[in-house]
Structures are given as C-alpha cells and as structure tokens.
Amino acid sequence: MGSIYLDNNATTRTDPDVVAAMLPYFTEQFGNASSTHDFGAGVGDSVRTARRALQKLLGAAFDHEVIYTSGGTESDNAAILSALETQAGRSEIVTTTVEHPAILALAADLAKTRGIKVHYIAVDRDGNLDIDAYRRALGPQTAIASVMWANNETGTIFPVETLATLAHEAGALFHTDAVQAAGRIPIDLKATAIDMLSLSGHKLHGPKGIGALYVRKGTRFKPLIRGGHQERGRRAGTENSPAIIGLGKAAERALTLMDETQTRVRGLRDRLEQGVLHRIGHCVVTGGSQNRLPNTTNIAFEYLDGEAILLHLNRAGIAASSGSACTAGSTEPSHVLRAMGVPASALHGAIRLSLSRDNSVAEIDRVLEVLTGIIARLREASPVWQDRKGPPVAEWRDPRAHDIGVPQHV
Ligand SMILES: *Cc1c(COP(=O)(O)O)cnc(C)c1O
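Chemist: Is there a simple way to explain empty space enclosed by the protein in this structure?
Modeler: Over the atoms, a rolling probe the size of a water molecule traces out where space has been left empty. Under the definition given, this model contains three cavities of 30 Å³ or more. G183, R184, H205, T261 and R357 are the residues nearest the centre of the largest cavity, which is lined by 18 residues in total. Split by residue class, the lining of the largest cavity holds seven nonpolar, eight polar and three charged. Counting the residues that make up the lining of the largest cavity, at least three belong to each of domain 1 (17-256) and domain 2 (258-401).

Chemist: What should I look at first to understand the site of the ligand in this one?
Modeler: As a structural note, the neighbourhood of the ligand is formed by G71, G72, T73, H100, M148, N152, D177, V179, Q180, S200, H202 and K203. H202 is positioned such that a nitrogen or oxygen atom in its side chain is 2.8 Å from an oxygen atom of the ligand. The side chain of K203 places a nitrogen or oxygen atom 2.7 Å from an oxygen atom of the ligand. In the complex, the protein chains occlude 88% of the 390 Å² of accessible area that the ligand would expose alone. Looking at the shell around the ligand residue by residue, the classes come out as two nonpolar, eight polar and two charged.

Chemist: Is there a simple way to think about the pattern of salt bridges in this case?
Modeler: Evaluation of the coordinates by the stated rule reveals 14 salt bridges. Where E74 meets R235, a salt bridge forms, and the shortest distance between an N and an O atom there is 2.8 Å. You can see E74 sitting in helix α3 (residues 72-86) and its partner R235 sitting in the loop between α7 (230-233) and α8 (241-279), a full 161 residues away along the chain. By the burial criterion, E74 is buried, and R235 matches it. Between R269 and D270 there is a salt bridge whose closest N-O contact spans 2.8 Å. Classification of R269 by relative accessible area gives buried; the value is 4%. Here D270 falls in the partly exposed class, since its relative accessible area comes to 29%.

Chemist: In this structure, what is going on with the domain arrangement of the chain? I would like to understand it.
Modeler: When the parts come together, some accessible area is lost, and that loss is often what is quoted as the size of the interface. Assigned domains within the chain: domain 1 (17-256) and domain 2 (258-401). Taken over C-alpha atoms, the centre of domain 1 sits 29 Å from the centre of domain 2. Contact with domain 1, which involves 30 residues of that partner, is made by 31 residues of domain 2. Roughly 2,600 Å² of surface becomes buried between domain 1 and domain 2 when both sides are summed, with 53% attributable to carbon and sulfur atoms. By the criterion of area lost to domain 2, the three top residues of domain 1 are R125, E153 and T154, representing 33% of everything that side buries. If you tally residues by element for the side of domain 1 that touches domain 2, the top one is α8, at four residues. In terms of residue class, the side of domain 1 that touches domain 2 is built from 11 nonpolar, 12 polar and seven charged.

Chemist: Before we go on, may I ask you to explain helix α12 (residues 361-380) in this structure?
Modeler: Residues lying three or four places apart along an α-helix face the same way, a consequence of the helix completing one turn every 3.6 residues. For α12, which comprises 20 residues, the first-to-last C-alpha distance of 29 Å matches the rise-based estimate of 28 Å (1.5 Å per residue) to within 8%. Within α12, the full set of buried residues consists of E363, I364, V367, L368, V370, L371, I374, I375, L378 and R379.

Chemist: Sorry, what's going on with the nonpolar core here?
Modeler: In summary, soluble globular proteins display a tendency toward joint burial of nonpolar side chains. If you look at the biggest cluster of nonpolar residues, it comprises 71 residues, and the most contacted ones within it are Y134, W149, F174, I187 and L197. In terms of residue count, the dominant contributor to this core is α8 (eight residues). For this core, the two domains that each supply at least three residues are domain 1 (17-256) and domain 2 (258-401). Filtering out sequence-adjacent residues up to four positions away, Y134 remains in contact with V94, I121, L129, A145, V147, L163, A164, L166, A167 and F174.

Chemist: What is the right way to look at the sheet that holds strand β4 (residues 117-121) in this model?
Modeler: Strand-to-strand pairing in sheets goes through backbone hydrogen bonds, with the strands running parallel or antiparallel. Reading across from one edge, β2-β8-β7-β6-β5-β3-β4 is the order of the seven strands in this open sheet, with mixed pairing throughout. Of all the strands in the sheet, the pair left with one neighbour each is β2 (66-69) and β4. Going from strand to strand, the sheet's axes swing by 20° on average, the running direction of each strand aside. Pairing of β2 with strand β8 (residues 211-215), which is carried by four bridges, proceeds in the antiparallel orientation. Note on β8: the bridge partner recorded for T69 is G211. α3 rests against β2, β3 (92-96), β5 (142-146), β6 (173-177), β7 (196-200) and β8 of the sheet, and its axis sits at about 160° to β7. Packed on one face of the sheet, helix α6 (residues 160-169) meets β5 and β6 and runs near 155° to β6.

What counts and how
- Residues numbered from 1 in each chain as written.
- Predicted model: local features only at pLDDT ≥ 70, side-chain atom pairs only at ≥ 80, totals over all residues.
- Heavy atoms only, no water.
- 1 Å grid on protein atoms, 1.4 Å probe; cavity = no way out; pocket = protein on both sides within 12 Å on 5 of 7 lines; lining within 4 Å.
- Points joined across faces, edges and corners; volume = space filled by probe spheres on them.
- Nonpolar A, V, L, I, M, F, W, Y, C, P; charged D, E, K, R; others polar.
- Domains from an automatic or database assignment.
- Near = heavy atom within 4 Å.
- Polar contact = N/O pair within 3.5 Å; in protein donor to acceptor, adjacent residues only side chain to side chain.
- Areas by Shrake-Rupley, 256 points an atom, 1.4 Å probe, with all protein chains shown as cover.
- Salt bridge = Lys/Arg side-chain N within 4 Å of Asp/Glu carboxyl O.
- Helix = DSSP H or I, 4+ residues; strand = E, 2+ residues; numbered from the N terminus.
- Buried < 20%, exposed > 50% of the residue type's maximum accessible area, 1.4 Å probe, protein only.
- Contact = heavy atoms within 4.5 Å.
- Buried area = accessible area lost by both parts, 1.4 Å probe.
- Expected span 1.5 Å × (residues − 1).
- Core = buried A, V, L, I, M, F, W, Y, C linked by side-chain atoms within 4.5 Å.
- Pairing = 2+ DSSP bridges.
- Axes fitted to C-alpha atoms, helices over the stretch in contact; angles between N-to-C directions.

Listed below in structure tokens is the structure:
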C-alpha cells in the first residue's frame, strides 16, 4: 500500500476537478478580471460565479458579502483589525485560549503595541468554552469577539450562533475563524448573527494561498490591503483568478458531497478511534466526548513522545501530526491541550489524525495495525512507561476549567 495521508487539518489534497477548473485560467483565460475588454470580462464572470458558490456554501443571504483574500490568516487579521477601526470607542477583544495562531499572534501583538485588552476565555477538560466567563468578558469596551467555529487540533465545535448573539447584546461584533468548519459541516450564516467569517481554500480541497472573508451586509469594514478598487474597494490587488475559480469549484464540490462525506468520514474516524482505544489502551481522545468535526481525532498516548510516534508513522508511509510547536530542538506541548488541562503524563504523547473524503477503510485498518505495533515497541523501550504509576489516563477526570492566562502559541 502506498502512503496514507491523515493530516487534512494541516492541508488537503487539491481535488482533481478543482485543478481542472483552474487550468484554463493560467492559459487562454489569462485576462485581468477587472479589465473591461473580452479577455477580462470572461474571467470577471467566472470570478462572480465562484463567489456565488461560496455564498451558497456559507448560506450568505446577499451578493457581495464574500471578499477574496490570500487565505485564512489574512481573513482573520482583516476581521479583527477592521473591527478595532470601525467600533468607535471600543478597544477590547474577547477570544479564546485555543484559537489558531492567526488570531493569537495578532491579539498578542495588539496588546503589546497598541495596549488593546484581550480577554482569553478558557475551555474545560473536554474543550468546551466557559460561556459564563465569555459573557462576563463582554462589555461596552468590547470591539469584537472572535471564536473559532471548530478547533484545528481537537475538532471541537463551538456554539458560535449563541456566542454571536451574546456579543451583539454587548454591542460588539462577532467574528468566527471557520477555516476547519467550512466545507465539512453545514453553515447557514443567514440564520445566525455572525458578522464576519474566515475560510481558507486549502482546507477544503481547494488551492493554497486563497481564502475568503464573509462580511455581513451592513457591517462596516475597513480594508487591510489598500490599492486598487478590486473587491469593491475592500481588498486591493489583482484578483487571483485561477485560485478564486478553484476555491469556487472546491466550495461547490464540498456542498454537493457534504452529507455523504460527513457520514462516511465519521464512520472511518470512529473506526480508527475505537480501534486505538480498544487495542492500545492507556490513551485518551482529547476533546472527544462532545460535538466534534467528523474528520478529527486527537489521541494522547500516556508516557510516550508524540513526535517519536509521528516519526515512526512517517517511516511507515503514514502522515499525521501533533499540535506541538518545535522551537530550537525542544518540543512545546500544544497550547490547546494545555488549555484543556491534559495531564502531564499524556500531554507530550498526543497525535492528531485528521481524515478526508480521500481516505478508505483499507487505509484506516492499515493505520490501526501499524500504530498498534509502533506503540508496543515504543513502550517496550520506554523506562518511563515501565515505571508508570497510577490509573490509566482515560480514567483521569478534572472538572476545573484550566485558566492558563495568555496562551503561548509559538
Ligand atoms: C489553517 C488554519 C488557518 C490559516 O489558514 P491559511 O489559509 O493557511 O492562512 C487559520 N485558522 C485555522 C483554524 C486553521 O486551521
């Protein structure tokens, strides 16, 4: 069997139909989408068609609510920075300890350079947000609340519809980083109070370097990138037409395949997860006991090093990852798992397996077989494992929310 890719929360394979849809826009259809002659006009039409596909995926009510960007990171930055400009007299941000660095690094910088107050809302052991703390943090100073739709490491889904309503009650805007949710679970923005939403092409089988920011009609918006009049003056720079057409195709495919994909991928994920829990033991699914993306499982193996597991998996042709950040030789445990209070014995042994519609039952069974062998060998060679004390981590329970203060994400 060839290599097996289980790192779809890092990036997905570009769908062959997406590639096919993009190719003509590098060759015959090379025109500038903003040009008025025939070379440009055709491209402009295709860019509009792609935008409609995105609107449909998101359940956007009106035209022109979708702005193309260079990806999830730019969309996140643009949303937060815009809110700080447009929300006169308000200078605070409410977010969570488990956001992507695209939010956390920006928030840290804003706190440092502009004196913006950032409230980081904690999560509990299962990864659920402390809604009371969220409610308390909101106030007349809040410019924007930003909470991700689904977490990239654990797949935990947050109640963004409710959170958006609460933000509005405090007069604040609400943004959600839906990079992991878009294309994977149903989204119907017109039925919510969400003001802004970020998504990224390469997390939904589209190309890299393209994304979108949804800005609800009527929401004031200050552009991040200034220059020409593209995107109705909200995001300057010549439209990346091949990538935009690819993103539109990816959105269309995601919507068409969503029901079937959700069911099938959840089945595969559960087969993998249950297999690991039953065959291997002394491991725990983090953030596994609740509403979760159908494609994600994050499993922490007690007294083992996740990086070692990943290395052995890679040698066997299996790609997975951890949420850990490697800094100059030492591996920092994931800020998400730390925020959830995962016990020290398991914190370093976590790996994330994220599936997609490209995976098969045969692949999952192969991964189970290989992983079982790897864990057995690593445990045999591990003095810490031999000396372990106490009950297996799966029995560990701590009802406290873990307030870790300002999250360390890099
Ligand atoms: C991948 C990811 C991003 C960044 O998107 P890019 O398009 O790679 O910039 C932002 N947020 C989350 C939750 C992600 O998973």
